[in-house]
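# Observations on chain architecture
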Amino acid sequence: MTADFETQLRAVSLRVTRPRLAVLSALRDHPHVDTDTVIALVRAEQPTVSHQAVYDVLRALTDAGLIRRIQPAGATARYESRVGDNHHHVVCRSCGAIADVECAVGCAPCLTASDDHGFVVDEAEVVYWGTCPGCAADRTAQ
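The paragraphs below set out a description of the structure included in this document. Bear in mind that the values here come from a model prediction, so they are computed numbers and not experimental data.

Within the chain one finds five helices and six strands. If you list the helices and strands of the chain from N to C, you get α-α-β-α-α-β-β-β-β-β-α. Considering only C-alpha atoms, the chain reaches an extent of 50 × 45 × 25 Å along its principal axes. Here the chain holds 142 residues, and 33% of them are scored as buried. Contacts in the chain between residues far apart in sequence, at least 24 positions, make up 43% of those at least 6 positions apart. Side chains of the chain give 13 positive and 18 negative charges; the mean places of these two sets differ by 7 Å.

Shown next, in the form of structure tokens:
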């Protein structure tokens, strides 16, 4: 998989570095994690990587379109490596768990605005809110 990451980085004119590879790997294996979790995952592989280096990598990869930053209302920013397909998210109001939800209609932007005010719409961001199965089971058990 490292070769795929190297190809992705080079395709967007980014140098291949160990911190960038580690962040891409962490997000592939752990979608929807916050910055602190990314730092911990990267440092588990590379203990000498600084916090600032991980912040810089997250910014560079987001700007290059290799990762996506999401921030549901009232939650900390999260990152994922699934990009380019305009999928959405469902968020648990209780524990904050996040899961991917496929586009409702199937093609970007998957929602047609009732009035686009002349904008050329290329993305729709939808967040569904509810209670995850684990939290729902806990509530019924109480």
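Now that the structure is up, let's keep going.
Turning next to the sheet that holds strand β6 (residues 127-130). On the basis of which strands lie adjacent, the open sheet formed by three strands has the order β5-β4-β6 and mixed pairing. Sheet topology places β5 (98-101) and β6 at the edges, where each strand pairs with a single neighbour. On average, each strand axis in the sheet is tilted by 25° relative to the strand beside it, whichever way the strands run. In this structure, strand β4 (residues 88-92) lies alongside β5, joined through four bridges in antiparallel fashion. Counted as the bridge partner of V90 is A99 from β5.

Let us look at the packing of helix α2 (residues 18-29) against helix α3 (residues 35-45). For the pair α2 and α3, the least separation of the axes is 9 Å and the interaxial angle reads 120°. Comparing the axis directions of α2 and α3 gives the class oblique. Handedness of the α2/α3 crossing: right-handed. The residues of α3 that touch α2, namely those facing A22, V23, S25, A26 and L27, are V38, L41, V42 and E45. Across the contact of α2 with α3, the residue classes tally to seven nonpolar, one polar and one charged.

Attention shifts here to the state of the cysteines. According to the stated counting rule, one finds zero disulfides in the structure shown. You can see C92 has no disulfide; the closest cysteine sulfur is in C132, sitting 3.7 Å from it. What makes C132 buried here is its relative accessible area of 18%.

Looking at the largest pocket, its volume works out to about 160 Å³. Every residue lining the largest pocket is counted, 14 residues in all, and those nearest its centre are R68, V83, G84, N86 and E123. Within the lining of the largest pocket, the residues separate by chemical class into three nonpolar, five polar and six charged.

A few words on the pairing of β4. The element β4 is extensively covered by neighbouring structure, given that four of its five residues are classed as buried. Across four bridges, β4 lies against β6 in parallel orientation. Opposite C92, over in β6, you have G130 as the bridge partner.

Conventions we followed
- Residues numbered from 1 in each chain as written.
- Predicted model: local features only at pLDDT ≥ 70, side-chain atom pairs only at ≥ 80, totals over all residues.
- Heavy atoms only, no water.
- Helix = DSSP H or I, 4+ residues; strand = E, 2+ residues; numbered from the N terminus.
- Buried < 20%, exposed > 50% of the residue type's maximum accessible area, 1.4 Å probe, protein only.
- Contact = heavy atoms within 4.5 Å.
- Lys, Arg positive; Asp, Glu negative; His and termini not counted.
- Charge placed at Lys NZ, Arg CZ, Asp CG, Glu CD.
- Pairing = 2+ DSSP bridges.
- Axes fitted to C-alpha atoms, helices over the stretch in contact; angles between N-to-C directions.
- Parallel < 35°, antiparallel > 145°, perpendicular 65-115°, else oblique.
- Left-handed = near helix turned anticlockwise from the far one by under 90°.
- Nonpolar A, V, L, I, M, F, W, Y, C, P; charged D, E, K, R; others polar.
- Disulfide = S-S within 2.5 Å.
- 1 Å grid on protein atoms, 1.4 Å probe; cavity = no way out; pocket = protein on both sides within 12 Å on 5 of 7 lines; lining within 4 Å.
- Points joined across faces, edges and corners; volume = space filled by probe spheres on them.

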